[in-house]
Amino acid sequence: MVGKNEAYQNAMKNSDEQNARMECEKALRDVINSIMFDKIELFKLYQDNPDFKKWLLSMVFAATYSTHTSISKK
């Protein structure tokens, strides 16, 4: 869901890694908020635990940014 965010995709294509990371964070926040009623425990962890939030952002960014950059190089 994060990787499909239009602003994040645009940042991966047309910006540097730092700006892409910022858009990834925004997209992740939007996804977390959209699923909070279905996944309340995940939402609580994301909201209340800064270490979990940082870890999740790092994992999502690594998965989506590396996928995008490897596709772009082909």
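Placed above this text is the structure.
Residues numbered from 1 in each chain as written. Predicted model: local features only at pLDDT ≥ 70, side-chain atom pairs only at ≥ 80, totals over all residues. Heavy atoms only, no water.

Student: For this particular structure, what's the right way to read the environment of Asn-33?
Tutor: Tracing the backbone shows Asn-33 in helix α2 (residues 17-35). With 14 residues separating them in the primary sequence, Asn-33 and Gln-47 have C-alpha atoms 9.8 Å apart. (Helix = DSSP H or I, 4+ residues; strand = E, 2+ residues; numbered from the N terminus.)

Student: Any chance you could explain the pattern of salt bridges here in plain terms?
Tutor: Pairs can form between side chains of opposite charge once their charged atoms are near each other. Evaluated as defined, the whole model comprises 2 salt bridges. With a closest N to O distance of 3.8 Å, Arg-21 and Glu-17 form a salt bridge. Here Arg-21 and its partner Glu-17 are both found in helix α2, 4 residues apart, which amounts to about one turn of the helix. We classify Glu-17 as partly exposed; its relative accessible area is 41%. We note a salt bridge from Glu-23 to Lys-26, for which the minimum N-O separation is 3.4 Å. (Salt bridge = Lys/Arg side-chain N within 4 Å of Asp/Glu carboxyl O. Buried < 20%, exposed > 50% of the residue type's maximum accessible area, 1.4 Å probe, protein only.)

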